[in-house]
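Report on the structure
One-letter residues, chain by chain:
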Amino acid sequence: LTRMPMWLLGFALLVIGTLLNFASFKFAAQSLLSGLSSVQFVSQMVFSKLILRERVDRLAYFGVVAILLGSTLMVVFGEHQTKNFGPEELAALYARPAFLCYLIVTSFVSCFSWIWYEHLKRAIATSLAVED
């Protein structure tokens, strides 16, 4: 690790940024802050261009503009108040049909994705074994 000071700096910045992000939820609404996390993709593009000297195409620049526009709209028009729910209120929200439907659909998509991934992994392993 001592031979990779850039990696250590990057990891340290990641840890510090994560801790600051966690601490920021005390000062603003979660609905506002969680959407701002998309700005990380802007910084990743800037760092990949400046530090790694990677080529950035027009579609990436369009994505950055879309992220910045969406983040700006979210800050301007988003909810700025935080509501704290008690256990009874959370239980009532979790029992709503809309949440239960969301939970079922999300579980189904997750299971299907995992099964599909395992199928593709076996198919690739089989095709590589046949080629040898």
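The present account deals with the structure reproduced in this document. Each residue is numbered by its place in its chain's sequence as written, counting from 1. Per-residue local features of the predicted model are confined to residues with pLDDT of at least 70, and side-chain atom pairs are confined, for both listing and counting, to 80 or more; whole-chain, interface and lining totals are unaffected and use all residues. Excluding hydrogens and water, the side-chain values take into account all heavy atoms of the structure.

**Some details on unusual backbone geometry**
The residue Arg53 is not glycine, and still its phi comes out positive at about 60 degrees. Under the DSSP-based scheme used, a helix requires at least four consecutive residues in state H or I and a strand at least two consecutive residues in state E, with every element numbered from the N terminus. Mapped onto the elements, Arg53 comes out in the loop between α3 (40-50) and α4 (58-77).

**Comments concerning the pattern of salt bridges**
Criterion for a salt bridge: a side-chain nitrogen of Lys or Arg within 4 Å of a carboxyl oxygen of Asp or Glu. Scanning all chains against the criterion turns up one salt bridge. Of the charged contacts, one joins Glu118 and Lys121 as a salt bridge, the two residues approaching to 3.5 Å between their closest N and O atoms. Linking Glu118 with Lys121, this pair stays in helix α6 (residues 97-131), spanning three residues, or about one helical turn. Residue classification places Glu118 among the buried residues on the basis of a relative accessible area of 17%. Relative accessible area decides the class of each residue, using a 1.4 Å probe on protein chains only: under 20% of the type maximum gives buried, over 50% gives exposed, and in between gives partly exposed.

**Description of a nonpolar patch on the surface**
The patch calculation keeps residues exceeding 30% relative accessible area without a salt bridge and links them within 9 Å when they carry like charges or within 5 Å when they are nonpolar (Val, Leu, Ile, Met, Phe, Trp, Tyr). Surface accessibility follows the Shrake-Rupley procedure with a 1.4 Å probe radius. Residue values consider only the protein chains on display as shielding. A surface patch of nonpolar side chains, about 810 Å² in accessible area, is lined by Met6, Leu9, Leu13, Val46, Phe47, Leu50, Ile51 and Leu52. Its location among the elements puts Met6 in helix α1 (residues 5-24).

**Description of the environment of Val76**
With respect to the helices and strands, Val76 occurs in helix α4. Taking the C-alpha atoms as reference points, Val76 and Leu32, separated by 44 residues in sequence, lie 9.6 Å from one another.

**Some remarks on the packing of aromatic side chains**
We call Phe, Tyr and Trp rings a pair once their centres come within 6.5 Å, taking the six-membered ring for Trp, and we label the pair stacked below 30 degrees between planes, edge-to-face above 60, and tilted otherwise. Counted under the stated rule, the structure contains four aromatic pairs. Note on Trp7 and Phe11: the rings are 5.5 Å apart at their centroids and 5 degrees apart in plane angle, and the pair reads as stacked. Remark: Phe11 and Trp7 occur in helix α1; sequence separation between them is four residues, near one turn of the helix. Taking the centre distance of 5.1 Å and the plane angle of 40 degrees together, the rings of Tyr94 and Phe99 count as tilted. By relative accessible area, which is 28% here, Phe99 ends up partly exposed. Through pairs of rings, three or more aromatic residues link up here, namely Tyr94, Phe99 and Tyr102.

**Thoughts on the packing of α3 against α4**
Helix packing geometry: the angle between the two helix axes and the distance between the axes. The contact between α3 and α4 brings their axes to 9 Å, and the two run at 145 degrees. Crossing handedness for the pair α3 and α4: left-handed. Together, Phe41, Val42, Met45 and Lys49 of α3 and Ala60, Tyr61, Val64, Ile67 and Leu68 of α4 make up the contact between the two elements. Residue classes in the contact of α3 with α4 are distributed as eight nonpolar, no polar and one charged. Each axis is a line fitted through C-alpha atoms, and for a helix only the stretch in contact is used; angles between axes span 0 to 180 degrees, taken between their N-to-C directions. Should the near helix be turned anticlockwise from the far one by less than a right angle, the crossing is termed left-handed; should it be turned clockwise, right-handed. Contacts are assigned to residue pairs that have any heavy atoms within 4.5 Å of one another. Residues are sorted three ways: Asp, Glu, Lys and Arg are charged, Ala, Val, Leu, Ile, Met, Phe, Trp, Tyr, Cys and Pro are nonpolar, and all the rest, Gly among them, are polar.

**Section: the environment of Gln81**
Structurally, Gln81 can be placed in the loop between α4 and α5 (87-94). Sequence separation between Gln81 and Tyr117 is 36 residues; the distance between their C-alpha atoms is 41 Å.

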